[in-house]
Amino acid sequence: MTNRFAVVLAAGKGTRMKSKLYKVLHPVCGKPMVQHVVDQLNTLELDQIITIVGHGAETVQDQLGDQTAYVVQEEQLGTGHAVRMADSYLEGKPGTTVVVCGDTPLLTSDTLNELMEQHESVQAKVTVLTTDITDPTGYGRVIRDGQGHVEKIVEEKDASSDEKSVKEINTGTYCFDNELLFESLKQVSNDNSQGEYYLPDVLEIAKNQGEKVAAFKTPNDEETIGVNDRVALANAERLLRDRINKEHMRAGVTIVDPQQTYIGPDVSIEADVIIEPGSVIKGETTIGADTVIGPHTELKDCQIGERTLIKQSVVTESHVGSDVQIGPFAHIRPDSYIQDEVKIGNFVEVKKTNMAKGSKASHLSYLGDAKLGKDVNVGCGVITVNYDGRKKHKTIIEDGAFIGCNANLIAPVRIEEGAYVAAGSTITKDVPEKALSIARSRQENKEGYVERLNKRS
Ligand code: UD1
Ligand code: CA
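In every chain, residue numbers begin from 1 and rise along the written sequence. Following the order in which they are written, the chains are lettered starting with A and the ligands numbered starting with 1. The model is predicted, so local features are restricted to residues of pLDDT at least 70 and side-chain atom pairs to those at 80 or more, both for listing and for counting; the totals for chains, interfaces and linings are taken over all residues. Remark: hydrogens and water are excluded; side-chain values derive from all non-hydrogen atoms of the structure.

1. Some words on the overall build of the chain
Phase 1: Helix and strand counts for the chain stand at ten helices and 41 strands.
Phase 2: Radius of gyration (C-alpha) of the chain: 31 Å, far over the 23 Å computed for a compact globule of 457 residues.
Phase 3: Along the first, second and third principal axes, the C-alpha atoms of the chain reach 110 × 55 × 45 Å.
Phase 4: Per-residue burial for the chain yields a buried fraction of 48% across its 457 residues.
Phase 5: Contacts spanning at least 24 positions in sequence make up 40% of the contacts within the chain whose residues lie at least 6 apart.
Phase 6: Only the protein chains shown count as cover for residues, with accessible areas throughout obtained via the Shrake-Rupley method and a probe of 1.4 Å. Of the roughly 21,800 Å² of accessible surface on the chain, a fraction of 46% belongs to carbon and sulfur atoms. By definition, any uninterrupted DSSP run of H or I lasting at least four residues is a helix, any uninterrupted run of E lasting at least two residues is a strand, and each is numbered from the N terminus. As defined in this context, the radius of gyration uses C-alpha atoms, and a globule is described by 2.2 Å times the residue total to the power 0.38. Using a 1.4 Å probe on the protein chains alone, a residue whose accessible area is under 20% of its type maximum counts as buried, one over 50% counts as exposed, and one in between counts as partly exposed. Any two residues whose heavy atoms approach within 4.5 Å are treated as being in contact.

2. Here we look at the sheet that holds strand E20 (residues 303-304)
Note on sheets: strands pair through backbone hydrogen bonds, and any given pair is parallel or antiparallel.
Phase 1: In this description, strands pair whenever DSSP reports at least two bridges between them. Here nine strands make up an open sheet; going across it, the order is E14-E17-E20-E23-E26-E29-E32-E35-E38 and the pairing parallel. In this open sheet, the two edge strands, each paired with only one partner strand, are strand E14 (268-269) and strand E38 (413-415).

3. With respect to a negative patch on the surface
Phase 1: Note on patches: the residues involved have over 30% relative accessible area and no salt bridge, like charges join within 9 Å, and the nonpolar side chains Val, Leu, Ile, Met, Phe, Trp and Tyr join within 5 Å. Any carboxyl oxygen of Asp or Glu that lies within 4 Å of a side-chain nitrogen of Lys or Arg is treated as forming a salt bridge with it. Charge counting treats Lys and Arg as positive and Asp and Glu as negative, with His and both chain ends excluded. The location of each charge is read from NZ of Lys, CZ of Arg, CG of Asp or CD of Glu. A surface patch of like charges, here negative, comprises Asp375, Asp399, Glu417 and Glu433.
Phase 2: Looking at the element boundaries, Asp375 is found in the loop between strand E32 (370-372) and strand E33 (377-378).

4. A short note on the coordination of the calcium ion (ligand 2)
Phase 1: Of the protein atoms, only Asp103 (OD) and Asn228 (OD1) coordinate the calcium ion (ligand 2), at distances of 2.5 to 2.6 Å. Of the two residues, Asp103 is situated in the loop between strand E6 (96-101) and helix H5 (109-121) and Asn228 in the loop between strand E11 (213-217) and helix H9 (230-250); the sequence distance between them amounts to 125 residues.
Phase 2: Residue class for Asn228 comes out partly exposed when judged on its relative accessible area of 21%. Coordination here is defined by N, O and S atoms within 2.8 Å of the metal (3.2 Å for Na, K and Ca), and since water is not considered, a site can look incomplete.

5. What to know about the pattern of salt bridges
Phase 1: Using the criterion set out here, one finds 20 salt bridges in the structure.
Phase 2: Note that Lys300 and Glu317 form a salt bridge whose closest N and O atoms lie 3.6 Å from each other. With a gap of 17 residues between them, Lys300 in strand E19 (residues 298-300) and Glu317 in the loop between strand E22 (314-316) and strand E23 (319-320) connect regions that are remote in the sequence.

6. A short note on the environment of Tyr174
Phase 1: Considering the arrangement of structural elements, one finds Tyr174 in strand E10 (residues 168-177).
Phase 2: Excluding its chain neighbours within four sequence positions, the residues that come into contact with Tyr174 are Thr97, Val98, Val99, Leu115, Thr127, Val128, Leu199, Pro200 and Leu203.

7. Some words on the domain arrangement of the chain
Phase 1: The domains assigned to the chain are domain 1 (4-224) and domain 2 (253-437).
Phase 2: How far each domain reaches was decided by an automatic or database domain assignment. Computed over C-alpha atoms, the centres of domain 1 and domain 2 are 48 Å apart.

8. Quick look at the layout of surface pockets
Phase 1: Points on a 1 Å grid over protein atoms alone make up a cavity when a 1.4 Å probe fits among them but cannot get out, and a pocket when they form an open set with protein on both sides within 12 Å along at least five of seven lines; lining residues each have an atom within 4 Å of a point. Grid points are joined across faces, edges and corners, and a volume is the space filled by probe spheres set on the points. Put simply, the largest pocket is a space of about 1,100 Å³.
Phase 2: Around the largest pocket, the lining is made up of 36 residues, and of these Arg16, Lys23, Thr79, Glu196 and Asn228 lie nearest the centre.
Phase 3: For the lining of the largest pocket, the elements supplying multiple residues, two or more each, are strand E1 (4-10), helix H3 (79-84) and E10.
Phase 4: Following the grouping adopted for this structure description, the nonpolar residues are Ala, Val, Leu, Ile, Met, Phe, Trp, Tyr, Cys and Pro, the charged ones are Asp, Glu, Lys and Arg, and the polar ones are all others, Gly among them. Considered class by class, the residues forming the lining of the largest pocket number eleven nonpolar, 17 polar and eight charged.
Phase 5: In terms of lining, the second largest pocket is formed by 17 residues, of which the most central are Ile133, Asp135, Thr137, Tyr139 and Ile225.
Phase 6: A total of three residues in the lining of the second largest pocket trace back to one element, the largest contributor, which is H9.
Phase 7: Grouping the amino acids of the lining of the second largest pocket by side-chain chemistry returns six nonpolar, six polar and five charged.

9. Concerning helix H8 (residues 201-208)
Phase 1: Among the residues making up H8, those that are buried are Asp201, Val202, Leu203, Ile205 and Ala206.
Phase 2: Against the buried residues of H8 lie strand E7 (126-132), strand E9 (150-154), E10, helix H7 (178-185) and E11.
Phase 3: Taken from the residues just after H8, Gly210 is the one with a positive phi, measuring 80°.

10. Notes on the nonpolar core
Phase 1: Grouping buried Ala, Val, Leu, Ile, Met, Phe, Trp, Tyr and Cys residues that are joined through side-chain atoms within 4.5 Å yields what is termed a nonpolar core. Grouped together as the largest cluster of nonpolar side chains are 57 residues, with contacts concentrated most on Ile338, Ile344, Ile403, Leu409 and Ile415.
Phase 2: Where this core is concerned, the elements lending two or more residues are H9, E32 and E38.
Phase 3: Top element by residues in this core is H9. It accounts for six residues.
Phase 4: Counting residues domain by domain, this core receives three or more from each of domain 1 (4-224) and domain 2 (253-437).
Phase 5: Apart from residues no more than four positions distant in its own chain, Leu409 is found in contact with Val382, Ile383, Thr384, Val385, Thr395, Ile397, Ile403, Ile415 and Ile427.
Phase 6: Membership of the second largest hydrophobic core comes to 33 residues, among which are Leu9, Val142, Leu203 and Val213.

Laid out in structure tokens, this is it:
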């Protein structure tokens, strides 16, 4: 089999984004653009991926880690110059090289596969991925000769008015014969209106040498969006959101209002889940069958079981079991483990806490660094006092314990199995099994007090 390589262009600062953040790190549906591109490339079983990064773009390397090799392009002298930077890895090697821009987050591996297959089957030396769009402003135009063969690509800024009227654009994605690519790049000049070394000039150079230059026109024009500014960013976000939501709906998920539902690309949802409007589901979240999310719920990196209900709440990096009810207005913070049949009601905050099956905290509580057994009842306003100003301490509440309203449990402390804590108690010592602990001052009623007070004045 032929060697297959990919070069990802990600060195441009993205002046038009007007941002501190490198352009390709701007997220679309919660994932940086360049990560979308590399994720698609990763499914293609390539021999090597090389990312061209700009000077000081460690952030891009931090994002992609060891998924690719890196070459630094110190000065951004154009896309042709950028690809040339990869010569230390690729020059002279036989094979096919795919070049993609880090700012095309909607490009799919299916389209890349089709592009490579056509390229290899017609034995072209260069194949450019093109598409027809109604408003081609800003893109390079594909110029064809009388027989419809690709002649060259002309950038908007160098195009004549005739050329500008062409609707077929260069998507910025290509397949090259690898050896020819690096030979031709040496001949690319910067004699154009932007003074840049244009990668698309390789087409004309190859053509003039009598090599076969082809185009693969995809009907999926939305895939080819190159994000250069924040208007395009929002557009890409909308299109990707739409694509993701439709995939889930086709797989049996009800999304009540897809325009107001934001699901990340790495979320997996089983059939018969209902997503109510205003919900944001991010990261590597999984949701089991018959669960209802929302309205207005945010989930990030969570595993949610079946038949669970989470409304108007925020759940982050936590596990939630089946038949659980959360919300409205609950906040489940990282490292929480909410087991089956648990109920967490309004204004309850849970952090780094394990609640075993059937436990309940229905109103206004803070449970932090705690471990609750089965069927524990946490009354309204209970607080685990986990922080002494320096360190966090654990609260352990064993099976079947009953914690009365407004109790403070000063950690470290253990409430043993079946014990009761009286409402309003401040518990500083362990409570033994099945005991009742009352830790509050006794009530004293002063009979006739108000009458006496009134007489005095
Ligand atoms: C480029 C194409 C254009 C095509 C469009 C598709 C050229 C000359 N033009 O234009 O024909 O229609 O993409 O979206 O290639 N980059 C570097 N180093 C550089 C310059 C750019 O790494 O020196 C990277 C950028 O980070 C970006 C990509 O290359 O990811 C494309 O660069 P950009 O400036 O966005 O090119 P366009 O003007 O959009
Ligand atoms: Ca671009």
